[in-house]
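Chain by chain, the residues:
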Amino acid sequence: MTPQRVPLLASVVVLFAAACTTATDHDGAAPTTATAPTPGATAATTPATTPAAPTSDALVEGSWRATYGWAVPATPARVTHEVRVPVTPAPGEPLPVLVEVRVGDHPAEGFSRISFAFRGPTPSYQVGYVPQVVTEGRGAPVELPGTAYLSVRFDPAQAHDARGAGTADVPPSRIGYPTLRGWAAAGDFEGHLSFGLGLRPPAGGTLPVRLGESTRPDGTHVVAVDVRRG
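Residues numbered from 1 in each chain as written. Predicted model: local features only at pLDDT ≥ 70, side-chain atom pairs only at ≥ 80, totals over all residues. Heavy atoms only, no water.

Visitor: Would you mind going over the pairing of strand β4 (residues 111–119) with me for this structure?
Guide: Two faces make up the sheet, and in a regular strand the side chains alternate between them. Summarising burial for β4: eight of the nine residues are buried, a large majority. Hairpin connection, strand β3 (residues 97–106) to β4: the antiparallel pair is bridged by four residues, and Gly110 has positive phi, about 80 degrees. Relative to strand β10 (residues 221–228), β4 runs antiparallel, the two being bridged by eight bridges. Residue pairing for β10: Phe116 is matched across the bridge by Val223. (Buried < 20%, exposed > 50% of the residue type's maximum accessible area, 1.4 Å probe, protein only. Helix = DSSP H or I, 4+ residues; strand = E, 2+ residues; numbered from the N terminus. Pairing = 2+ DSSP bridges.)

Visitor: I'm lost on the nonpolar core in this one. Help?
Guide: Across soluble globular proteins, nonpolar side chains show a tendency to be buried alongside one another. Ranked by size, the top nonpolar core spans 35 residues in total, and within it Leu98, Ile114, Phe116, Phe154, Phe195 and Leu197 carry the most contacts. In this view, Ile114 contacts Val101, Arg102, Val103, Leu180, Trp183, Leu197, Val223, Ala224 and Val225; residues no more than four positions away in its chain are not counted. Val142, Leu144, Tyr149 and Ala186 belong to the second-largest nonpolar core, a separate cluster that totals six residues. (Core = buried A, V, L, I, M, F, W, Y, C linked by side-chain atoms within 4.5 Å. Contact = heavy atoms within 4.5 Å.)

Visitor: Would you mind going over the pattern of salt bridges with me for this structure?
Guide: Oppositely charged side chains are able to pair whenever their charged atoms sit close together. As enumerated under the stated definition, the model contains 10 salt bridges in all. A salt bridge links Glu213 to Arg65; the nearest nitrogen and oxygen atoms lie 3.4 Å apart. One end of the pair, Glu213, is in strand β9 (residues 209–215); the other, Arg65, is in strand β1 (residues 65–71), with 148 residues separating them in the sequence. Given a relative accessible area of 43%, Arg65 falls into the partly exposed group. Here Arg210 and Asp226 are joined by a salt bridge, their closest N and O atoms 2.9 Å apart. Taken together, the positions of Arg210 in strand β9 and Asp226 in strand β10 put the pair 16 residues apart, joining distant regions of the chain. (Salt bridge = Lys/Arg side-chain N within 4 Å of Asp/Glu carboxyl O.)

Visitor: Looking at this structure, how should I read the sheet that holds strand β7 (residues 180–189)?
Guide: One key point about sheets: their strands pair by backbone hydrogen bonds, in either a parallel or an antiparallel sense. Strand order in the open sheet formed by five strands is β2-β5-β6-β8-β7, and the pairing between neighbours is antiparallel. The open sheet is flanked by β2 (77–79) and β7, the only strands paired with a single partner. For this sheet, the mean inter-axis angle between neighbouring strands, taken without regard to orientation, is 15 degrees. The sheet contact formed by strand β6 (residues 148–155) and strand β8 (residues 192–199) spans seven bridges and is antiparallel. Bridge pairing in β8 links Ser151 to Gly196. (Axes fitted to C-alpha atoms, helices over the stretch in contact; angles between N-to-C directions.)

Visitor: Please clarify how unusual backbone geometry should be interpreted in this entry.
Guide: The bulk of non-glycine residues show a negative phi, and the bulk of peptide bonds are trans. At the junction of Ala90 and Pro91, the peptide bond is cis and its omega measures out at 10 degrees in the coordinates. As for its position among the elements, Pro91 is in the loop between β2 and β3. Across the junction of Asp155 and Pro156, the peptide omega takes the value -10 degrees, indicating a cis bond. When you line up the elements, Pro156 lands in the loop between β6 and β7. Look at Glu190: it is not a glycine, yet its phi comes out positive at around 50 degrees. When you line up the elements, Glu190 lands in the loop between β7 and β8.

Visitor: What should I look at first to understand the packing of aromatic side chains in this one?
Guide: One pass over the full model with this rule turns up seven aromatic pairs. Ring plane angle 55 degrees and centroid distance 6.0 Å describe the contact between Trp70 and Phe111, whose orientation is recorded as tilted. Here Phe111 lies in strand β4 and Trp70 lies in strand β1, a separation of 41 residues in the sequence. Clustering of aromatic rings is evident, with ring pairs tying together Phe116, Phe118, Tyr125, Phe154, Trp183 and Phe195. Geometry around Phe111 places Arg210 over its ring, the cationic atom sitting 5.0 Å from the centre. Above the face of the Trp70 ring, Arg228 is positioned so that its terminal group lies 3.9 Å from the ring centre. (Phe/Tyr/Trp six-rings, centres within 6.5 Å; stacked < 30°, edge-to-face > 60°. Lys NZ or Arg CZ within 6 Å of the ring centre and 35° of its normal.)

As structure tokens, this is what we get:
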């Protein structure tokens with residue numbers, strides 16, 4: 001089945017229209033020894049609103065594993081998962097569906113996190129620094145706070161249902177943590193779902209990032225992007 005095509009502008013709008021509560025991050029485990037794949041990543045942005053309140057929630061032990069260790073991706077870091085489309089027979093969703101975005105600040109561990117939860121299998125994803133986050137399809141600039149930008153892309157994946165309505169609960173776009181300042185949707189188009197992160201490194205430049213995955217008890221698959229706090 002061919003991934004559903006939804007106009008880019010409409011899909012970005014419906015994603016943010018789905019936001020009704022601010023979710024904080026509970027997925028993951030304290031840093032452990034992990035082998036990092038080859039570095040890489042990209043970025044995206046979103047208009048700022050009310051900052052998310054910092055949280056000191058303890059990280060949950062469980063299935064969390066690092067898929068890219070702490071490093072500055074010189075080229076986009078990509079983690080590949082084989083996804084057979086459609087993931088559910090019609091009239092079910094043909095692709096993994098984004099159901100939630102969470103943010104969390106973890107001062108004791110020295111990082112802030114944004115995580116993306118999917119119903120269905122974990123899609124492939126790619127994260128890397130870019131000079132400017134742009135939208136899928138049109139390539140329009142995406143506004144983000146900060147001085148450095150990460151592009152986060154998932155495929156195949158979607159954040160809308162069969163009617164075009166947004167499927168994800170999302171936090172405010174302005175995060176306001178020490179270095180992870182904000183996020184934005186950058187597209188939901190032909191099976192490509194992308195976001196931008198706005199960062200503010202203490203002395204300019206870039207910050208090390210870490211990627212990880214976990215599975216919640218309800219079967220939801222989570223991809224986390226961690227950013228050093230300083």
